[in-house]
Amino acid sequence: MPKAYVFTRYGGPEAEALVDVDRPRPGAGEVLVAVRAAGVNPVDWKQRSGYRRPGETGERVFPVVFGNEVSGVVEEPGEGVTGFAVGDEVFGNTVAGGYAEYALLPVAVTAHKPAELSFADAATLSVAAATAYDGVRQLGLPAGATLLVTGAGGGVGAAAVQIARAFGLRVVGVASEAKKDFVESLGAVHVSSGPDLADRVRAAAPDGVDGVYDLVGGEVLAEAATLLTDRTKLITAGASSEAVAELGGARVARARTAAVLDEVARLVVNGDLDPHVTRTFPLERADEALRAVEDGHVRGKIVIEAAA
């Protein structure tokens, strides 16, 4: 039977297990994919802890397969599916988990993988890179403007810095001192995280910042907001809608379309976006991959590799 890495109840790492599962059957508008790689994201372990995304409804039925983004090869199109055939190399968001040998993808958020793109890189695009792309587009800053990115050393942050640079923006990236070289390699001016953040940003950008893309939340978001005169240019993927609304900003509005996936893939192929996959793990070591992300010190992206 196919293998999948799941959580069997809400809790910590003790709730995780590698188990045998039935091979999924694609429904209308879905494709069954033989997984080649799955991206690992903070939202994965947060969901194990009971987190639900904004707008997410319905009760989870355990065991729940981890993972929200994969790349792989189409094994079976569901009813009514057009544009995808058996053998197509694809990537996208999952219906019900991706740390597995097989996964279901909704065609609305599935794209064909360019031949120039590796399965590992493609597996990182539909959550982190697409979130970064949606946010930069949402801000709509003109070329030459200055964007502040908090959490610039993580998966979404690193993508946001690169995408903003590709759009002609100057970027100030907030991250730990340990990630200074990494953030600067992305094309951003590095500012260390910690108390008195606003003062350090003002020193790095004496003409001010025109927009803030927050990926941290809490006090970092609140302090970053003080740097803006126009709070409509404050967005976050690191705090709740209520928290950012109190500051005059908004959550990142996710497009969740295949068109966005095509765009981020194009950025990678053109050399404007490097997913920075820094480590890969086989499915049998999915626990180690998840711990690396849960510890919060990863540079770039971690990927789980699978083969049905």
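What comes next is a walk through the structure. Every value quoted in this text rests on a predicted model; they were computed, and no experiment measured them. (Residues numbered from 1 in each chain as written. Predicted model: local features only at pLDDT ≥ 70, side-chain atom pairs only at ≥ 80, totals over all residues. Heavy atoms only, no water.)

### Details of the environment of Leu-169
Part 1 of the reasoning: Along the chain, Leu-169 falls in the loop between α4 (155-166) and β10 (170-175).
Part 2 of the reasoning: Sequence separation of Leu-169 and Phe-119 is 50 residues, and the distance between their C-alpha atoms is 29 Å.
Part 3 of the reasoning: Discounting residues that sit within four places of it in the chain, Leu-169 has contacts with Val-136, Leu-141, Pro-142, Ala-143, Gly-144, Ala-145, Leu-147 and Ala-164. (Helix = DSSP H or I, 4+ residues; strand = E, 2+ residues; numbered from the N terminus. Contact = heavy atoms within 4.5 Å.)

### Let's talk about the pattern of salt bridges
Part 1 of the reasoning: Counted according to the given criterion, the structure contains 13 salt bridges.
Part 2 of the reasoning: In this structure, Lys-3 and Asp-20 form a salt bridge, with 2.8 Å as the shortest nitrogen-oxygen distance. Linking Lys-3 in strand β1 (residues 3-7) with Asp-20 in strand β2 (residues 16-20), this pair joins segments that are 17 residues apart in sequence.
Part 3 of the reasoning: Residue classification places Lys-3 among the partly exposed positions, given a relative accessible area of 33%.
Part 4 of the reasoning: Its relative accessible area of 43% is what places Asp-20 among the partly exposed residues. (Salt bridge = Lys/Arg side-chain N within 4 Å of Asp/Glu carboxyl O. Buried < 20%, exposed > 50% of the residue type's maximum accessible area, 1.4 Å probe, protein only.)

### As for the pairing of strand β6 (residues 89-93)
Part 1 of the reasoning: Taken across its five residues, β6 has four buried, putting it largely inside the fold.
Part 2 of the reasoning: Bridge analysis of strand β5 (residues 69-77) against β6 gives five bridges, and the strand direction is antiparallel. Paired with Ser-71 across the strands is Phe-91, a residue of β6.
Part 3 of the reasoning: Relative to strand β8 (residues 110-112), β6 is paired through three bridges, and the arrangement is antiparallel. Pairing of Gly-92 across the sheet is with Thr-110, part of β8. (Pairing = 2+ DSSP bridges.)

### Here we look at the packing of helix α3 (residues 125-139) against helix α9 (residues 258-269)
Part 1 of the reasoning: Axis separation between α3 and α9 bottoms out at 10 Å; the angle between their running directions is 95 degrees. Classified by the angle their axes make, α3 and α9 are roughly perpendicular. Counting all contacts with α3, which are made through Leu-125, Ser-126, Ala-129, Ala-130, Tyr-133 and Asp-134, the residues of α9 involved are Val-260, Leu-261, Glu-263, Val-264, Ala-265, Leu-267 and Val-268.
Part 2 of the reasoning: A breakdown of the residues in the contact of α3 with α9 according to their chemical character gives 10 nonpolar, one polar and two charged. (Axes fitted to C-alpha atoms, helices over the stretch in contact; angles between N-to-C directions. Parallel < 35°, antiparallel > 145°, perpendicular 65-115°, else oblique. Nonpolar A, V, L, I, M, F, W, Y, C, P; charged D, E, K, R; others polar.)

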